[in-house]
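Overview (structure and organization)
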Amino acid sequence: ELLGRSVLERIHPDDLSIVLAEFAKGVGKVICRFRHKDKSWRWLESTGKAYFTAQGEFRCVVVSRDITERRRVEDALQESLTLLEKAQEVAYLGSWISEPGQTGTLAWSASTHEIFGLPEGQFDGRVETFFAMVHPEDRETVRKASASALATGEPYSIDHRIVRPNGGVRWVHERAVVLRDQRGIPMRMIGVVQDITERKRTEQ
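A few points on the structure.

Here the focus is the pairing of strand S7 (residues 169-180). Bridge count for strand S6 (residues 156-163) against S7 is 8 bridges, and the pairing is antiparallel. Paired with Ser 157 across the bridge in S7 is Arg 175. The turn joining S6 and S7, which pair antiparallel and follow one another in sequence, is formed by 5 residues; a positive phi near 95° is taken by Gly 167. Counting the residues that bridge the hairpin from S7 to strand S8 (residues 186-195) gives 5 residues, and of these Gly 184 lies at a positive phi of roughly 85°.

This is the structure in structure tokens:
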């Protein structure tokens, strides 16, 4: 049914320039939408090589696989992450993931950056940088809570103060759990942090 017709006719108009630019290089890998026989758009991941025959004719060999379901899962996951970020904004709740040890890496959500008063991209991901932002009077308590969780596997829940870059002091509540592998070795620590400054002021 496709003989004598250009395969480019079936590529989504929004993806056509990307496909042409990639394969103009001679060798390319591209992800694009392709019109299925049932008129739906399917996502294809294609790898191809362009060449000239001995007679000087242009040819292009392409191998494609249908990744439509994978894209649906990825899009659904991204939508879930976006909704989670929005929910965190509403609750003024942030999340974080940490590698084991005091020198491990630490990843913050957008809301966590906001709570700590740091624009996204300005946190270097170091655990020690986080501890430097913990109020000096609370730093040892937070260290002990973290170390105990890693040693025992029990989650921890703690209130402590942080010092923002502008010098402002905020109260936060943190909860964290430790994820271990099959041998019981700590692999990740996952936690949430919530600004409870106004609650603390009311209590005082």
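In this structure, Glu 74 sits in helix H2 (residues 68-91). The partly exposed category is assigned to Glu 74, whose relative accessible area is 38%. For Glu 74 and Gly 153, which are 79 residues apart along the polypeptide, the C-alpha to C-alpha distance reads 31 Å.

Its location among the elements puts Arg 164 in the loop between S6 and S7. Despite its burial, Arg 164 remains without a salt bridge, the nearest opposite charge being carried by Asp 195 at 4.1 Å. Only 3.4 Å separates the side chain of Arg 164 from the backbone oxygen of Glu 114, close enough to count as a polar contact. Once you skip the residues sitting within four places of it in the chain, Arg 164 turns out to touch Tyr 92, Glu 114, Ile 115, Phe 116, Gly 117, Met 133, Arg 170 and Asp 195.

For the rest of this paragraph, the subject is the nonpolar core. Residues Trp 96, Leu 106, Trp 108, Phe 116, Phe 130, Tyr 156 and Met 189 are the most contacted members of the largest nonpolar core, which totals 23 residues. Elements with a contribution of two residues or more to this core: strand S5 (106-108), helix H3 (110-116), helix H4 (127-133), helix H5 (139-152), S6, S7 and S8. Sorting elements by how many residues they give to this core places H4 first, with 4 residues. Here Met 189 is in contact with Trp 96, Ile 97, Ser 98, Ser 146, Ala 149, Leu 150, Tyr 156, Ala 176, Val 177 and Val 178, once residues within four sequence places are set aside. In this structure, Ile 11, Val 19, Phe 23 and Phe 34 belong to the second largest nonpolar core, which totals 7 residues.

Quick look at unusual backbone geometry now. In this structure, Lys 39 is a non-glycine residue whose phi angle is positive, near 80°. Note on placement: Lys 39 falls in the loop between strand S1 (27-35) and strand S2 (41-52). Judged by its relative accessible area of 62%, Lys 39 falls in the exposed class.

The next subject is the pattern of salt bridges. Applying the stated rule across the entire model yields 19 salt bridges. Ionic pairing is found between Arg 33 and Asp 15, a salt bridge with its closest N-O pair at 2.9 Å. Residue Arg 33 is found in strand S1, and its partner Asp 15 is found in helix H1 (residues 13-23); the two are separated by 18 residues along the sequence. Within the structure, one salt-bridge network assembled from shared partners comprises Glu 45, Arg 65, Arg 70 and Glu 74.

What counts, and where the lines are drawn
- Residues numbered from 1 in each chain as written.
- Predicted model: local features only at pLDDT ≥ 70, side-chain atom pairs only at ≥ 80, totals over all residues.
- Heavy atoms only, no water.
- Pairing = 2+ DSSP bridges.
- Helix = DSSP H or I, 4+ residues; strand = E, 2+ residues; numbered from the N terminus.
- Buried < 20%, exposed > 50% of the residue type's maximum accessible area, 1.4 Å probe, protein only.
- Lys, Arg positive; Asp, Glu negative; His and termini not counted.
- Salt bridge = Lys/Arg side-chain N within 4 Å of Asp/Glu carboxyl O.
- Polar contact = N/O pair within 3.5 Å; in protein donor to acceptor, adjacent residues only side chain to side chain.
- Contact = heavy atoms within 4.5 Å.
- Core = buried A, V, L, I, M, F, W, Y, C linked by side-chain atoms within 4.5 Å.

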